[in-house]
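# Results of the structural survey
Residues per chain are reported as follows:
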Amino acid sequence: MAATTTTILLLLVAATTASAADLSVYHNVHPPSPSPLESIIALARADDARLLFLSSKAASSGGVTSAPVASGQTPPSYVVRAGLGTPVQQLLLALDTSADATWSHCAPCDTCPAGSRFIPASSSSYASLPCSSDWCPLFDGQPCPASQDASAPLPTCAFSKPFADTAFQASLGSDTLRLGKDAIASYAFGCVGAVTGPTTNLPKQGLLGLGRGPMSLLSQTGSRYNGVFSYCLPSYRSYYFSGSLRLGAAGQPRNVRYTPLLTNPHRPSLYYVNVTGLSVGRTLVKVPAGSFVFDPTTGAGTVIDSGTVITRWTAPVYAALSEEFRRQVAAPSGYTSLGAFDTCFNTDEVAADGAPAVTLHMGGGVDLTLPMENTLIHSSATPLACLAMAEAPQNVNAVVNVVANLQQQNVRVVVDVAGSHVGFAREPCN
């Protein structure tokens, strides 16, 4: 993101049934801001609502094909270009690794966000799914009426979902989902017809569910992608449509270091990994014993999430991290707070490029050293740089660490559900 911020679109690349789908990622930047720091602060205001959304999971049980992913300044931050229906209707769907259900705003909908909507009536391949559909309970749909005229058609499956600080009502349908040159027939998704509450943090056109549950893209495509996908998110400063979402095992990088994927039955959509420690520079941060322990009962542990903006650490972990970072930077005038960030220093006094790197240590011997652009966020209006991480909010998520998209930029994250591991590889996708 620079003085003039540009929306980043990502390409859809062709794939066959046995090959990967490689989609470009788009950075959904709006409105423009003269400063990366101020833009990130604006984005991060939605993080608290996003983290509450994550907590709601506790209640739920050959060639390369490419589709575009982009980044943005209105949550959610990254979207992919997809097609829905026959003839195809183009949509930008939020890339969400913590959600299972795919959904789109559908016409008519007077309370949906302004923008393009899917028009079921214009698609010859669209079908409403009744309350008796096997998909209906998976989407938490309303059961069929107890008394029903045997000759009358069953009502369409209807369901409601919370999202961030709002909620929507949808009907369940199926249609052909197109990702690059792949056409996925009879794909079950929600058709949103009404929204309750503010729409600021709601995806403007819809969402692509990349979680681990039975409604997700991976589950609905079965052997087509074999439970494998990866993504590389472009920087908020990038002008180009260069990030990508790659579906399937084909075309994944070879230089990936994998850490085990953990499973939480109470939050089954989420991708938990075993973070064992943090380092600032060459110093291992001293955190209280048990700070990174994975506990499915409480939800404690560390989640990799594409929809949260700023990485959040539990209070004792963040306090120790910030203290060690401050000790090594040794800013003469001390530190100030700005928005979600409380470790900001004057770059006229301390050169930002001399700040220490932060490394995440994970199970399997994986050490992910963050590039400096993933560690610090700068203001172009003032000589100020901030450690681009924060403390977890003191709510139900106080025990959860979330590795967010700002820290994942220009790193390919490979998720292999079948192999039960998550991998990381440096990859410039700006």
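Look a little higher up for the structure.
Residues numbered from 1 in each chain as written. Predicted model: local features only at pLDDT ≥ 70, side-chain atom pairs only at ≥ 80, totals over all residues. Heavy atoms only, no water.

### A look at helix α5 (residues 315–329)
We apply this condition: Helix and strand labels come from DSSP, where a helix needs a run of H or I of at least four residues and a strand needs a run of E of at least two; each type is numbered from the N terminus. Expected helix span is taken as 1.5 Å per residue step, with the number of steps being one fewer than the number of residues. Exposure is judged per residue with a 1.4 Å probe applied to protein chains only, and the accessible area is read against the type maximum: over 50% gives exposed, under 20% gives buried, and values in between give partly exposed.
A rise of 1.5 Å per residue sets the reference length of α5, with its 15 residues, at 21 Å; its end C-alpha atoms lie 21 Å apart and thus fit the reference within 8%. Residues of α5 that are buried include every one of Val317, Tyr318, Ala320, Leu321, Ser322, Glu324, Phe325 and Val329, and no others. Ala330 lies just past α5 and shows a positive phi near 50°.

### Description of the packing of aromatic side chains
Going by this rule: Only Phe, Tyr and Trp rings take part, Trp by its six-membered ring, and two of them pair if their centres are within 6.5 Å. Stacked means planes under 30 degrees apart, edge-to-face means over 60, and tilted covers everything else.
Per the stated rule, a full pass over the model turns up 12 aromatic pairs. With a centroid separation of 6.3 Å and 90° between ring planes, the pair formed by Phe292 and Trp313 is classed as edge-to-face. Of the two residues, Phe292 is situated in the loop between β16 (283–284) and β17 (301–304) and Trp313 in strand β18 (residues 311–313); the sequence distance between them amounts to 21 residues. In terms of burial, Phe292 and Trp313 fall into one category: buried. Residues Phe325 and Phe345 carry aromatic rings whose centres are separated by 6.5 Å and whose planes lie at 45° to one another, so their mutual orientation is tilted. With Phe325 in helix α5 and Phe345 in strand β20 (residues 341–346), this residue pair connects regions lying 20 residues apart in the sequence. On the basis of relative accessible area, Phe325 is assigned to the buried category, the value being 0%. By way of ring pairs, the aromatic residues Trp103, Phe163 and Phe168 are connected into one cluster.

### What to know about the nonpolar core
For clarity, the cut-off: Each nonpolar core is a collection of buried residues, namely Ala, Val, Leu, Ile, Met, Phe, Trp, Tyr and Cys, held together in the definition by side-chain atoms within 4.5 Å.
With 77 residues, the main nonpolar core has Leu245, Leu247 and Trp313 as its most contacted residues. With six residues, α5 is the largest single contributor of residues to this core. By size, the runner-up hydrophobic cluster in this structure holds 22 residues, among which are Ala94, Ala99, Cys109 and Phe168.

### Description of the pattern of salt bridges
Test applied: Any Lys or Arg side-chain nitrogen found within 4 Å of a carboxyl oxygen on Asp or Glu counts as a salt bridge.
Per the counting criterion, the structure on display carries four salt bridges. Notably, a salt bridge pairs Asp182 with Arg224, separated by 3.7 Å at the nearest N-O pair. In this pair, Asp182 is assigned in strand β9 (residues 182–196) and Arg224 in the loop between α4 (217–221) and β11 (228–232), connecting sequence segments 42 residues apart. Residues Asp182 and Arg224 agree in their burial class; the two are buried. The partner of Glu324 in a salt bridge is Arg327, and the shortest N-O contact between them spans 2.6 Å. Of this pair, Glu324 and Arg327 both sit in helix α5, separated by three residues, roughly a single helical turn. Relative accessible area serves as the criterion here: at 12%, Glu324 is assigned to the buried category.

### Notes on the state of the cysteines
Test applied: When two cysteine sulfur atoms are found within 2.5 Å, that pair is recorded as a disulfide.
Taken as a whole, this structure holds six disulfides when the rule is applied. For the protein chain, numbering the cysteines in disulfides from first to last along the sequence yields the connectivity 1-8, 2-3, 4-6, 5-7, 9-12, 10-11.

### Examining the side chain of Arg412
Quick reminder of the rule: Any N or O atom pair separated by 3.5 Å or less is treated as a polar contact, with the protein-specific requirement of one donor-capable and one acceptor-capable atom, and with residues adjacent in sequence counted only for side-chain atom pairs. We call two residues in contact whenever any of their non-hydrogen atoms come within 4.5 Å of each other.
Mapped onto the elements, Arg412 comes out in strand β27 (residues 411–416). There is a polar contact of 2.4 Å between the side chain of Arg412 and the side chain of Ser244. Here the side chain of Arg412 touches Glu427 through a polar contact of 2.7 Å, side chain to side chain. Not counting chain neighbours up to four residues away, the residues in contact with Arg412 comprise Ser230, Tyr231, Cys232, Ser244, Arg246, Gln252, Pro253, Gly423, Phe424, Ala425 and Glu427.

### Some points on unusual backbone geometry
Leaving glycine out, the prevailing phi sign among residues is negative, and the prevailing peptide bond configuration is trans. Across the junction of Thr86 and Pro87, the peptide omega takes the value -5°, indicating a cis bond. Residue position: Pro87 is located in the loop between β3 (78–84) and β4 (89–96). The backbone phi angle of Asn410 is positive, close to 60°, even though this residue is not glycine. Within the secondary structure layout, Asn410 lies in the loop between α7 (405–408) and β27.

### Thoughts on the sheet that holds β20
Defined as follows: In this description, strands pair whenever DSSP reports at least two bridges between them. Simply put, an axis is a line fit to the C-alpha atoms, just over the touching stretch for a helix, and the angle between two N-to-C directions goes from 0 to 180 degrees.
On the basis of which strands lie adjacent, the open sheet formed by four strands has the order β19-β20-β24-β23 and antiparallel pairing. Strands at the two margins of the open sheet, each flanked by one partner only, are β19 (336–338) and β23 (376–379). Sheet twist, expressed as the average angle between the axes of neighbouring strands with direction ignored, equals 40°. As judged from the four bridges shared by β23 and strand β24 (residues 384–387), these two strands associate in the antiparallel manner. The residue of β24 that forms the bridge with Ser379 is Leu384.

### As for the pairing of strand β28 (residues 421–426)
Pairing of strand β13 (residues 257–262) with β28, which is carried by four bridges, proceeds in the antiparallel orientation. Residue Pro260 lies in a different strand from β28, and its bridge partner there is His421. Where β27 meets β28, six bridges bridge the pair, whose relative direction is antiparallel. Paired with Val414 across the two strands is Gly423, which belongs to β28.

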